[in-house]
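# Coordinates in review
Chain by chain, the residues run as shown.
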Amino acid sequence: MEFEKLTELIIELEVDDIQEAVKEALDEGKEAFEVLGALTKGMDEVGRRYEEKEYYLTELVLAGETMKEAFEVLQPALAAADEGQEKTKIILATVKGDNHDIGKNILASLLLSSGFEIHDLGMDVDANTIIEKVKETNATIVALSSLLTMTVEQIKVVHEALQEAGLRDDVKLIVGGAPLNMELAKKLGADDFAEDAVDGVKHIKNLA
Ligand code: B12
């Protein structure tokens, strides 16, 4: 299995074939990190096509699914190869009261494919759960999703809870979701905002 072929399978969104291909590459003795590199290259191209409006949301979601499939096979090999390596830890959650998680999940799969350690707490997550997870993992980035105008205030709640716990200086807070923009995000206490998941990965790389 050539690396170029793996890259191509991601770009072509071949969700049904990717696991077999990754398995083949690993069985041939290819390094897990090089396989990840080939897959990530594919995701970079998907991101580029999305930005150029050659791909749309459907393709982005499918690319995320394809990466997820690939990860099921790749993860154990990566974990074995990765022992001892420090990765930036990110806590991801959709805020309390909000049950929209599709955008968050796309961001999670893109971040995973960029080599971050992700702790995805799911949706409708209260501030306390986030704080506890920060303490447990020593995560340095918290990424929050909010899709409802009604729930954006929860970002402020998390920001203040981080302050109260004495963790705010150690943690960067980035947020996303349709009702938000940079100005509102900052007003709610966040450090950063990104319009979509592709942009989100770029911002998070800068924050890390
Ligand atoms: C699918 C959907 C649902 C599904 C959610 C399923 C799920 N598992 O997620 C269901 C049916 C459950 C649902 C329920 C409701 N929904 Co709804 N829903 C939508 C819909 C149609 C699509 C959202 C979506 O998934 N978009 C696709 C993803 C990929 O985009 P995204 O989430 O925006 O994420 C992208 C970016 O925002 C960004 N991003 C997102 N999060 C983050 C986080 C970070 C850190 C970063 C960097 C980036 C980032 O990156 C993502 C990918 O590029 C939207 C309308 C719309 N067109 O947006 C309404 C919408 C969000 N829903 C709405 C409403 C009102 C509701 C309900 C209250 C309806 C009701 N009366 O019951 C309930 C609320 C339930 C709850 N408590 O949350 C309104 C919100 C209005 C508002 N401004 O408050 C919307 C806008 C519809 C509308 N026009 O009225 N909904």
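The rules behind these values
- Residues numbered from 1 in each chain as written.
- Predicted model: local features only at pLDDT ≥ 70, side-chain atom pairs only at ≥ 80, totals over all residues.
- Heavy atoms only, no water.
- Helix = DSSP H or I, 4+ residues; strand = E, 2+ residues; numbered from the N terminus.
- Rg over C-alpha atoms; globule rule 2.2 N^0.38 Å.
- Buried < 20%, exposed > 50% of the residue type's maximum accessible area, 1.4 Å probe, protein only.
- Pairing = 2+ DSSP bridges.
- Contact = heavy atoms within 4.5 Å.
- Axes fitted to C-alpha atoms, helices over the stretch in contact; angles between N-to-C directions.
- Arc of directions from axis to C-beta.
- Domains from an automatic or database assignment.
- Buried area = accessible area lost by both parts, 1.4 Å probe.
- Salt bridge = Lys/Arg side-chain N within 4 Å of Asp/Glu carboxyl O.
- Polar contact = N/O pair within 3.5 Å; in protein donor to acceptor, adjacent residues only side chain to side chain.
- Core = buried A, V, L, I, M, F, W, Y, C linked by side-chain atoms within 4.5 Å.
- Phe/Tyr/Trp six-rings, centres within 6.5 Å; stacked < 30°, edge-to-face > 60°.
- Lys NZ or Arg CZ within 6 Å of the ring centre and 35° of its normal.
- Right-handed = clockwise from strand over helix to strand, strands pointing away.

## Focus on the overall build of the chain
Looking only at helices and strands, the chain features nine helices and five strands. Here the chain has a C-alpha radius of gyration of 17 Å; the compact-globule value for 208 residues is 17 Å, and the two agree. Overall, the chain is about 50 × 40 × 25 Å in size when its C-alpha atoms are taken along their principal axes. The buried share of the chain, reckoned over its 208 residues, is 48%.

## Comments concerning the sheet that holds strand S4 (residues 172-176)
Read across the open sheet, the five strands follow the order S2-S1-S3-S4-S5; overall the sheet is parallel. Taken across any chain shown, the strands that pair with only one partner, and hence form the sheet edges, are strand S2 (117-120) and strand S5 (192-193). Here four bridges tie strand S1 (residues 89-94) to S2, and the two strands are oriented parallel to one another. From the neighbouring strand, isoleucine 90 faces S2, where its bridge partner is isoleucine 118. Strand contacts of helix H6 (residues 127-137): S1, S2 and strand S3 (141-145), with the helix running at about 165° to S1, the strand carrying the most contacts.

## Description of unusual backbone geometry
Of note in this structure, leucine 13 is not a glycine but carries a positive phi near 60°. Structurally, leucine 13 can be placed in the loop between helix H1 (3-11) and helix H2 (18-27). Residue leucine 13 is classed as buried on the basis of its relative accessible area, which comes to 13%.

## Observations regarding H6
All buried positions along H6 are accounted for by Ala127, Ile130, Ile131, Lys133, Val134 and Thr137. End-on view of H6: buried residues confined to an arc of 165°, all on one side of the axis. Of the residues in H6, the exposed ones pointing more than 90 degrees away from the buried face are Asn128 and Glu136. Against S1, S2, S3 and helix H7 (153-164) lie the buried residues of H6. Within two residues after H6, asparagine 138 carries a phi angle of roughly 60°, on the positive side.

## Considerations on the domain arrangement of the chain
What the domain assignment reports for the chain is domain 1 (3-82) and domain 2 (89-207). Placing a centre on the C-alpha atoms of domain 1 and another on those of domain 2 gives a separation of 25 Å. Of the residues lining the interface, 11 residues belong to domain 1; the matching set on domain 2 comes to eight residues. Where domain 1 abuts domain 2, roughly 940 Å² becomes buried across the two surfaces, and 71% of that area is made up of carbon and sulfur atoms. A per-residue breakdown of the area domain 1 buries against domain 2 is headed by Glu51, Leu60 and Phe71, which together make up 36% of the total. On the surface where domain 1 and domain 2 come into contact, there are one salt bridge.

## Overview of the environment of threonine 129
Mapped onto the fold, threonine 129 is located in helix H6. Put simply, threonine 129 and alanine 93 are 36 residues apart on the chain and 9.9 Å apart in space, counted from C-alpha to C-alpha. Among the polar contacts listed, one links the side chain of threonine 129 to the side chain of aspartate 126, at a separation of 2.6 Å.

## A look at the nonpolar core
Membership of the largest hydrophobic core comes to 45 residues, with the highest contact counts inside it found for Leu6, Val22, Leu39, Leu74, Ile90 and Leu111. Among the secondary structure elements, those contributing two or more residues to this core are H1, H2, helix H3 (32-51), helix H4 (57-82), S1, helix H5 (102-113), S3 and helix H9 (197-207). Both of domain 1 (3-82) and domain 2 (89-207) provide at least three residues apiece to this core. Once residues lying within four places of it in the same chain are set aside, the contact partners of leucine 39 are Leu6, Ile10, Ile18, Val22, Met67, Ala70 and Leu74. Ala93, Ile130, Ile131 and Leu173 belong to the second largest nonpolar core, which has 25 residues in total.

## A closer look at the packing of aromatic side chains
According to the stated counting rule, one finds zero aromatic pairs in the structure shown. Its end group placed over the ring of phenylalanine 3, lysine 30 keeps NZ or CZ at 5.6 Å from the ring centre.

## Structural notes on the pairing of S4
Burial analysis of S4 places four of its five residues in the buried class, the great majority of the element. Taken together, the five bridges between S3 and S4 define a ladder with parallel strand orientation. By the bridge assignment for S4, valine 142 is matched with leucine 173. Note that the unit made of S3, H7 and S4 has a crossover that is right-handed. For the handedness criterion, the β-α-β arrangement of S4, helix H8 (residues 182-187) and S5 is classed as right-handed.

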